[in-house]
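Chains, contacts and geometry: an overview
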Amino acid sequence: DPPPALPALGTELARALEQARDFQDMLDIARRWTSERRFQAGVHLLRGLSDAEKTGATLADIAEAALAALQPAVEAEFARQHGRIPGASLAIVALGKLGGRELTITSDLDLVFLYDTQAGADVSDGDKPLSASHYFLRLANRFISAATALTAEGALYDIDLRLRPSGAKGPIAASIEGFETYFRDQAWTWEVMALTRARPITGTPALQRRIAAAIRAPLPRPRDPVMLAADVARMRALMAAEHKAHSPWDIKTWRGGLIDAEFLVQYLELREAASRPEILAPNTAAALAALIATGAIAPEDGRTLAAALRLWHAVQGVLRLTVEGPFEPEAAPEALRA
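Reference entry: report on the structure contained in this document.

The rules behind each value
- Residues numbered from 1 in each chain as written.
- Predicted model: local features only at pLDDT ≥ 70, side-chain atom pairs only at ≥ 80, totals over all residues.
- Heavy atoms only, no water.
- Salt bridge = Lys/Arg side-chain N within 4 Å of Asp/Glu carboxyl O.
- Buried < 20%, exposed > 50% of the residue type's maximum accessible area, 1.4 Å probe, protein only.
- Helix = DSSP H or I, 4+ residues; strand = E, 2+ residues; numbered from the N terminus.
- Pairing = 2+ DSSP bridges.
- Right-handed = clockwise from strand over helix to strand, strands pointing away.
- Expected span 1.5 Å × (residues − 1).
- Polar contact = N/O pair within 3.5 Å; in protein donor to acceptor, adjacent residues only side chain to side chain.
- Contact = heavy atoms within 4.5 Å.
- Phe/Tyr/Trp six-rings, centres within 6.5 Å; stacked < 30°, edge-to-face > 60°.
- Arc of directions from axis to C-beta.

1. Concerning the pattern of salt bridges
- For the structure shown, the criterion picks out 19 salt bridges.
- A salt bridge links Asp-160 to Arg-162; the shortest N-O distance between them is 2.6 Å.
- A residue is classified by how much of its surface remains accessible, and Arg-162, at 52% relative accessible area, is exposed.
- Across the pair Glu-177 and Arg-210 runs a salt bridge, and its minimum N-O distance is 3.7 Å.

2. Description of the pairing of strand E2 (residues 109-116)
- Judged by how many residues are buried, E2 sits mostly within the fold: 8 of 8 residues are covered.
- The side-chain alternation of E2 yields two buried faces, one formed by Leu-109, Leu-111, Phe-113 and Tyr-115 and the other by Asp-110, Val-112, Leu-114 and Asp-116.
- As paired strands, strand E1 (residues 89-95) and E2 are joined by 7 bridges and run antiparallel to one another. When the bridges of E2 are listed, Val-93 appears paired with Val-112.
- Across 2 bridges, E2 lies against strand E3 (residues 159-160) in parallel orientation. Looking at the pairing, Leu-109 lines up with Ile-159 of E3.
- Assessed by its sense of winding, the connection that carries the chain from E2 through helix H5 (residues 132-148) to E3 is right-handed.
- Examined bridge by bridge, E2 and strand E4 (residues 173-175) share 3 bridges and lie parallel to one another. Counted as the bridge partner of Tyr-115 is Ser-175 from E4.

3. Some points on the pairing of E1
- E1 sits mainly inside the fold: 7 of its 7 residues count as buried.
- The alternating pattern of E1 places Ser-89, Ala-91, Val-93 and Leu-95 and Leu-90, Ile-92 and Ala-94 on opposite faces, both of which are buried.
- When E1 meets strand E5 (residues 199-200), the two strands line up antiparallel, connected through 2 bridges. Counted as the bridge partner of Val-93 is Pro-200 from E5.

4. Some words on helix H10 (residues 258-272)
- When the terminal C-alpha atoms of H10 are compared, their 21 Å separation across 15 residues agrees well with the 21 Å that a helix rising 1.5 Å per residue should span.
- Burial of H10 is extensive: 13 of the 15 residues sit out of reach of the surface.

5. Focus: the side chain of Arg-199
- One can find Arg-199 in strand E5.
- The exposure class of Arg-199 is buried, given its relative accessible area of 16%.
- Only 2.7 Å separates the side chain of Arg-199 from the backbone oxygen of Gly-99, close enough to count as a polar contact.
- Setting aside chain neighbours within four positions, we find Arg-199 in contact with Glu-64, Ile-92, Val-93, Ala-94, Leu-98, Gly-99, Arg-101, Ile-215 and Pro-282.

6. Some remarks on the packing of aromatic side chains
- Applying the stated criterion to the full structure yields 7 aromatic pairs.
- Seen in terms of ring centroids, Trp-249 and Phe-327 are 4.7 Å apart; in terms of plane orientation they differ by 75°. Their pairing is edge-to-face. Pair noted here: Trp-249 is in the loop between helix H9 (225-242) and H10 and Phe-327 is in the loop between helix H12 (299-322) and helix H13 (334-337), with a separation of 78 residues, a long-range link.
- The buried category is assigned to Phe-327, whose relative accessible area is 12%.
- What links up through ring pairs into an aromatic cluster is the set Phe-78, Tyr-115, Tyr-135 and Phe-136.

7. Things to note about H9
- Given a rise of 1.5 Å per residue, 18 residues ought to cover 26 Å, and the 26 Å separating the end C-alpha atoms of H9 matches this to within 8%.
- Among the residues making up H9, those that are buried are Leu-228, Val-232 and Arg-236. Considered in projection along H9, the buried side chains sweep an arc of 65° and stay on one side of the axis. Exposed and oriented more than 90 degrees from the buried face of H9 are Val-226, Met-227, Leu-238, Ala-241 and Glu-242.
- Packing partners of the buried residues in H9 comprise helix H7 (189-195) and H10.

What follows is the structure, encoded as structure tokens:
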């Protein structure tokens with residue numbers, strides 16, 4: 001049977017977590033459930049019941065369901081010591097492959113943590129009170145530990161925070177006001193590129209709406225296409241120097257591979273969004289389809305790029321599912337080579 005959609009997955013996991021006796025038990029149950037659903041997605045991919053695009057979306061739904069279930073449990077455990085800040089809330093923003101719903105079986109999760117507080121409520125009410133900035137910094141750290149810690153059932157996910165504002169030097173959790181200001185006044189081109197695939201996945205409806213607006217605000221600004229192209233090319237060169245590709249089977253980093261295709265789409269989105277805001281979409285294939293439909297890219301070029309994206313996603317999806325480390329065709333089983 002095909003995996004259910006995100007709402008049904010969330011309900012299924014919530015019912016499983018009702019059996020948890022304590023916080024540690026909850027972590028193990030979440031890991032077991034996630035592993036079973038990811039295994040199902042992998043079987044469907046190998047048996048041809050699902051293609052790479054559908055599998056990527058399914059894996060993203062599984063991850064979202066797991067994160068959404070984990071957050072209130074972590075918050076409740078954290079509140080036992082530090083209480084809560086009245087009226088405040090924390091949201092998780094997905095970027096990268098999770099944001100674009102293009103996960104593979106081994107993808108880590110690119111996340112940003114954003115919080116909102118009410119005026120005058122800037123200290124928690126627990127036995128060990130914390131200011132808002134320290135509260136959400138430590139809460140985000142607690143969440144990361146809960147997701148990445150090795151239990152008897154393994155780790156839930158690896159989490160990558162390098163796409164947060166200011167990169168590795170920025171705070172792990174930022175206020176929504178700070179996020180809005182940063183992307184209005186200070187963000188580098190590569191950070192705005194990352195926003196093209198960003199979307200909030202947890203948080204109160206009001207906070208998610210505000211985050212979605214903050215994500216979208218910098219994207220349609222007019223840009224010098226020559227300077228934009230230079231910035232994107234410079235970023236690509238830095239990545240190529242840091243992550244050297246050794247064979248065409250390095251699907252992500254090989255010249256003309258997945259990163260080049262994604263960078264082309266993100267470049268076109270930022271170049272065209274001022275006059276064609278409807279092209280913006282977190283999913284790379286959807287954004288490319290919108291670019292073609294609006295005439296931002298020649299149809300023949302668009303079809304070539306779309307075919308490349310489908311090919312790279314298909315090959316990478318199978319390799320990530322079946323091979324640990326570099327793919328060596330001469331050592332691979334015949335069925336995998338085929």
